[in-house]
Amino acid sequence: MRRKAVSSILSQVPRVQTASSRPLAPILAITPASRRYSSHPPNAKLNQQVQFNTSTYLSHTTSTSLANPELPSSIRTSGNTSKLNLYQAINSALSTALSTDERAILFGEDVAFGGVFRCSSNLLDRFGPDRVFNTPLNELGIIGFGIGYASHSHANTAIAEIQFGDYVFPAFDQIVNEAAKYRYRGASEFNCGGLTIRMPVMGVGHGALYHSQSPEAFFAHVPGLKVVVPRGPVQAKGLLLQSIRERNPVIFMEPKILYRAAVEEVPVDDFTLPLEKAEVLAKGSDITVISYGTPLYTVELAAKAAKEMLGVSVEVIDLRTVYPWDKETVFESVKKTGRCIIVHEAPRGGGLGGEIAACIQESCFLNLEAPVGRVTGWDVHMGLIFEQFNVPDVVRVFDTIKKTMDY
Amino acid sequence: MATEAKPEDDKPITVSLQDNSFEPYEIEAPSLELKTTKNELRAMYRDMAAVRRMEMAADKLYKERKIRGFCHLSTGQEAVAVGMEKAITPDDQIITAYRCHGFAYMRGASVKSIIAELLGRREGIAYGKGGSMHMFTKSFFGGNGIVGAQVPVGAGIGFAMKYLGRPNTTFALYGDGAANQGQVFEAFNMAKLWGIPIVFGCENNKYGMGTAANKSSALTEYHKRGQYIPGLKVNGMDVLAVKQACAWAKEYTVSGKGPLVMEFVTYRYGGHSMSDPGTTYRTREEVSYMRSNQDAIQGLRNKLMDWNILTEEEVKDIEKEVKEAVDAEVAAAEAAPTPDNTNRILFEDIYTRGSEPDWMRGRTVEETFYYKE
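Predicted, not measured: the structure shown is a model, and the values here were computed from it. (Residues numbered from 1 in each chain as written. Chains lettered and ligands numbered in written order. Predicted model: local features only at pLDDT ≥ 70, side-chain atom pairs only at ≥ 80, totals over all residues. Heavy atoms only, no water.)

Let's talk about the overall build of chain A
For step 1, the next point in the chain: Scanning chain A from N- to C-terminus turns up 18 helices and 14 strands.
For step 2, the next point in the chain: Taking the contacts inside chain A whose residues are at least 6 apart along the sequence as the reference set, 81% of them involve residues at least 24 apart.
For step 3, the next point in the chain: Carbon and sulfur atoms provide 56% of the accessible area of chain A, an area that totals close to 15,300 Å². (Helix = DSSP H or I, 4+ residues; strand = E, 2+ residues; numbered from the N terminus. Contact = heavy atoms within 4.5 Å. Areas by Shrake-Rupley, 256 points an atom, 1.4 Å probe, with all protein chains shown as cover.)

Brief notes about unusual backbone geometry
For step 1, the next point in the chain: For the peptide bond that leads from Y323(A) to P324(A), omega is -10°, which places it in the cis range.
For step 2, the next point in the chain: Here the amide bond leading from G142(B) into G143(B) is cis, since omega sits at 25°, within 30 degrees of zero.
For step 3, the next point in the chain: Here G143(B) shows up in the loop between α4 (111-118) and α5 (150-163).
For step 4, the next point in the chain: Positioned with a positive phi, S188(A) is a non-glycine residue whose angle comes to about 75°.
For step 5, the next point in the chain: You can see S188(A) is positioned in the loop between α10 (182-185) and β5 (195-201).

What to know about the interface of chain A and chain B
For step 1, the next point in the chain: With 51 residues of chain A in contact, the opposing surface of chain B contributes 48 residues.
For step 2, the next point in the chain: Here chain A and chain B share an interface that buries about 3,700 Å² over both sides, 63% of which is from carbon and sulfur atoms.
For step 3, the next point in the chain: Put simply, chain A and chain B have one salt bridge between them.
For step 4, the next point in the chain: Between E355(A) and R361(B) there is a salt bridge, with its nearest N and O atoms 2.7 Å apart.
For step 5, the next point in the chain: Taken together, the elements giving at least two residues each to the side of chain A that touches chain B come down to β2 (104-108), β3 (132-134), α8 (139-151), α9 (172-179), α10, α15 (327-337) and α16 (352-364) of chain A.
For step 6, the next point in the chain: Here the side of chain A that touches chain B gets 10 residues from one element, more than from any other, and that element is α8(A).
For step 7, the next point in the chain: For the side of chain A that touches chain B, the per-class residue count stands at 20 nonpolar, 15 polar and 16 charged. (Buried area = accessible area lost by both parts, 1.4 Å probe. Salt bridge = Lys/Arg side-chain N within 4 Å of Asp/Glu carboxyl O. Nonpolar A, V, L, I, M, F, W, Y, C, P; charged D, E, K, R; others polar.)

Describing the packing of α4(B) against helix α11 (residues 312-335) of chain B
Residue and element names in this part refer to chain B.
For step 1, the next point in the chain: Interaxial distance between α4 and α11 falls to 8 Å at its minimum, and their mutual angle equals 40°. Between α4 and α11, the angle is such that the two are oblique. Along this stretch, α4 crosses α11, giving a crossing that reads as right-handed. In this structure, α4 uses V111, K112, I115 and A116 to contact α11, whose residues at the interface are V326, E329, V330, A332 and A333.
For step 2, the next point in the chain: Class assignment of the residues belonging to the contact of α4 with α11 gives a composition of seven nonpolar, no polar and two charged. (Axes fitted to C-alpha atoms, helices over the stretch in contact; angles between N-to-C directions. Parallel < 35°, antiparallel > 145°, perpendicular 65-115°, else oblique. Left-handed = near helix turned anticlockwise from the far one by under 90°.)

A look at the sheet that holds strand β9 (residues 279-282) of chain A
All names here are of chain A.
For step 1, the next point in the chain: The strand order across the open sheet built from five strands is β9-β11-β10-β13-β14, with neighbouring strands paired in mixed fashion. Taken across any chain shown, the strands that pair with only one partner, and hence form the sheet edges, are β9 and β14 (373-377). Each strand of the sheet is rotated relative to its neighbour by a mean of 25°, with strand direction disregarded.
For step 2, the next point in the chain: Where strand β13 (residues 340-347) lies against β14, four bridges are found, and the strand directions are parallel. Its bridge partner lying in β14, V343 is registered against V375. (Pairing = 2+ DSSP bridges.)

Some words on helix α6 (residues 86-100) of chain A
Think of an α-helix as turning once every 3.6 residues; residues three or four places apart then point the same way.
All names here are of chain A.
For step 1, the next point in the chain: The terminal C-alpha atoms of α6, which comprises 15 residues, lie 21 Å apart, in line with the 21 Å expected from a rise of 1.5 Å per residue.
For step 2, the next point in the chain: In terms of residue burial, α6 counts as a mostly covered element, since 12 of its 15 residues are buried.
For step 3, the next point in the chain: Within α6 the residues assigned to the buried category are L86, Y87, A89, I90, N91, S92, A93, L94, S95, T96, A97 and L98.
For step 4, the next point in the chain: Between a side-chain oxygen at the N-terminus of α6 and the backbone nitrogen of Y87 the separation is 3.3 Å; the capping residue is N85. (Expected span 1.5 Å × (residues − 1). Buried < 20%, exposed > 50% of the residue type's maximum accessible area, 1.4 Å probe, protein only. Polar contact = N/O pair within 3.5 Å; in protein donor to acceptor, adjacent residues only side chain to side chain.)

Let's talk about the layout of surface pockets
For step 1, the next point in the chain: Of the volumes computed, that of the second largest pocket is approximately 560 Å³.
For step 2, the next point in the chain: Looking at the second largest pocket, it is lined by 26 residues, and the ones nearest its centre are K327(A), F331(A), W359(B), T368(B) and Y370(B).
For step 3, the next point in the chain: The leading source of residues in the lining of the second largest pocket is α15(A), at four residues.
For step 4, the next point in the chain: Considered class by class, the residues forming the lining of the second largest pocket number eight nonpolar, six polar and 12 charged. (1 Å grid on protein atoms, 1.4 Å probe; cavity = no way out; pocket = protein on both sides within 12 Å on 5 of 7 lines; lining within 4 Å. Points joined across faces, edges and corners; volume = space filled by probe spheres on them.)

Section: helix α2 (residues 78-87) of chain B
For step 1, the next point in the chain: Within α2(B), nine of the 10 residues are buried, leaving the element largely enclosed by the surrounding structure.
For step 2, the next point in the chain: Regarding α2(B), the residues found buried are E78(B), A79(B), V80(B), A81(B), V82(B), G83(B), M84(B), E85(B) and A87(B).

A look at the packing of aromatic side chains
Between two aromatic rings, the relevant description is the distance of the centres plus the angle of the planes.
For step 1, the next point in the chain: Overall, the coordinates contain 32 aromatic pairs over all chains when judged by the stated rule.
For step 2, the next point in the chain: When the ring of Y182(A) is compared with that of F136(B), the centres are 5.7 Å apart and the planes differ by 45°; the resulting orientation is tilted. One end of the pair, Y182(A), is in helix α10; the other, F136(B), is in the loop between α4 and α5, on a second chain.
For step 3, the next point in the chain: Ring geometry for Y267(B) against Y269(B): centres 6.4 Å apart, planes inclined by 50°, an arrangement best described as tilted.
For step 4, the next point in the chain: On the basis of relative accessible area, Y267(B) is assigned to the buried category, the value being 1%.
For step 5, the next point in the chain: Note on Y269(B): relative accessible area 5%, which makes it buried.
For step 6, the next point in the chain: Stacked on the ring of W325(A), the Lys or Arg K327(A) has its end atom at 4.9 Å from the ring centre.
For step 7, the next point in the chain: Against the face of Y127(B) rests R122(B), its NZ or CZ located 4.1 Å from the ring centre. (Phe/Tyr/Trp six-rings, centres within 6.5 Å; stacked < 30°, edge-to-face > 60°. Lys NZ or Arg CZ within 6 Å of the ring centre and 35° of its normal.)

Some words on the pattern of salt bridges
For step 1, the next point in the chain: The tally for this structure, following the rule as stated, stands at 42 salt bridges over all chains.
For step 2, the next point in the chain: When the shortest N-O distance is used, the salt bridge between E246(A) and K226(A) registers 2.7 Å. Taken together, the residues E246(A) in the loop between α12 (233-245) and β7 (250-255) and K226(A) in strand β6 (residues 226-228) connect sequence positions 20 residues apart. Grouping residues by exposure puts E246(A) and K226(A) together as buried.
For step 3, the next point in the chain: Across the salt bridge formed by E348(B) and K129(B), the nearest N and O atoms sit 3.0 Å from each other. Residue E348(B) is found in the loop between α12 (343-347) and β11 (359-360), and its partner K129(B) is found in the loop between α4 and α5; the two are separated by 219 residues along the sequence.
For step 4, the next point in the chain: In this structure, a network of salt bridges that share partners links the residues R122(B), K129(B), R344(B), E348(B), D349(B) and R353(B).

Right, here's the structure in full:
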């Protein structure tokens, strides 16, 4: 049953965000177009489709890509780029990791065939079946195996894939009780710091209960782990390479709708981007909006509308590493703007928004002009037909910006 | 001293194992002729006596409320840790569950570092942070607190051996209780599928916590539980049988034939942990019968005296030496200082040094710990 679900998801991951290219479009043709997307009605003022090809959060030209001050100077001055989507950038990072560290191995369900999202395409041919291999369908075993391999000596690098973040829960014990605590209980010398666990997360429009969850908060509760969520191809390559080389276990969550939708000019050479460092995507003076992964693009549209309709200058922060997160950048921004909202797809209760809001009120209380707002998934499961209502949309972000400004 | 190793006692000798030492599954059992030396036999006796003395010391310290928390003793099961170590080299790998003191000792940890760990001292083998269940030393990956969780980790360690081209095997040990965990079967499948050189070793001490094996397991012949993996049941109360079986298992797995499932039939004299008197789910008669008829240390002593390898006087000398050596190390562990009462000690090793976040929160704002000064 799960196999079937996977292949149907794969076929429906948007190649381009137009309704006509969807495989199911002919079947749906009897439905009036105006009813197809509840939250994207044709005359919507705010809830427009995200246009990834014009988003300023992605680098569409070589020069903007190479202008990134976090890149090493050699790449900035003479680097080449190529146009990659997010899964191709992941593939580039994996390929780089395997070719620069001969002890690195890559494994997971169907990864030798390229994985359901094509992230590991061609890696079997290039690196051989000893290093790139399929596992049985046993998440607990996959992670336990990865911990064992990574623990053998400090140099061993295990890159495990969980096919969907929704499937990680059988492995929860191994991640929380074995991987995260290994170093602490092993007097530093024994650890599994070379372990990286990749998984696709967040909504895809039609993933329903078991293909659209955002489980980051479960792991952002566990000292010893680092949890990373990239927003686009450049970030994905640099952050994944850093996560693989990082000598701490890292949970690397890839927003699955961005695999094909987000396209950028990505430096061809080997580079890493820093963990635990947030990035200010847009400077602003009136309110800080913090997010990570897919909802950043919703935030971009809401910020644009807030500027045009309310004259509000929004500072947007991509958290990137959601645990341990970059308090310095966040607090500096909130102290400047005095207002803040946090946007994530995961449910509100026990979500990262609550933790970030609590830290902000502890550290920026006297600077706050309004309560810290949260725009999140509701405390409900991801029902197939309700996915578009569950994930934050532009109206909800815009509305919370407005309410926070009017407070 | 009478118990010093004599060079002439390093000459190989052959001793016969009992006929019922092994029960194979889908494979031919190892030979019942064990090649050994007099010195090795004496060392086995000494090591088993040392492990028991150390466990008894832990028992006493626990009852004196100096050791706190969880503490699982291996009294009665010494032959498994000792026989296994004698069959392998320091480059072979072992990973086990929480009944790990004997294995840590046999893999090279000092009695002092083990007892200091139990006492929560900085000189403990895991800085006093792991306690009874988490002990690590070279080629020994613990010491794991979650029932069954170490078994797939062992598969990964075994794969690392294969990947690195090392001629070494890995023993992944678990109990009869853990044998029913799903992840054990996940590990079996991966190991067989990928031809991993690993021995899955079930220490069957007859009770998973307070539940008898036959009340928890549909098949109590744990050596057959690999189904498609050959198995061997071993008399785990006979250190010589354990040694022979482990040497055979190492040869089998390292030669590229894939994994094995082994069952060491053993018995724990104490409760599951210190908080379990161990008498509510089994009779006192059963325990005392096992102690007087099946005891591994007594059994080896009788054999060595029968074979004229040890005299009664030498036995007493060994026991005296062991007692003095262990007691001295236990005293040193007790005298070792407790960790400094600082946040630096509390927060170290959550992440690899130098990669920590700027700060971690303590109980209060004032106790927030900054990794970088």
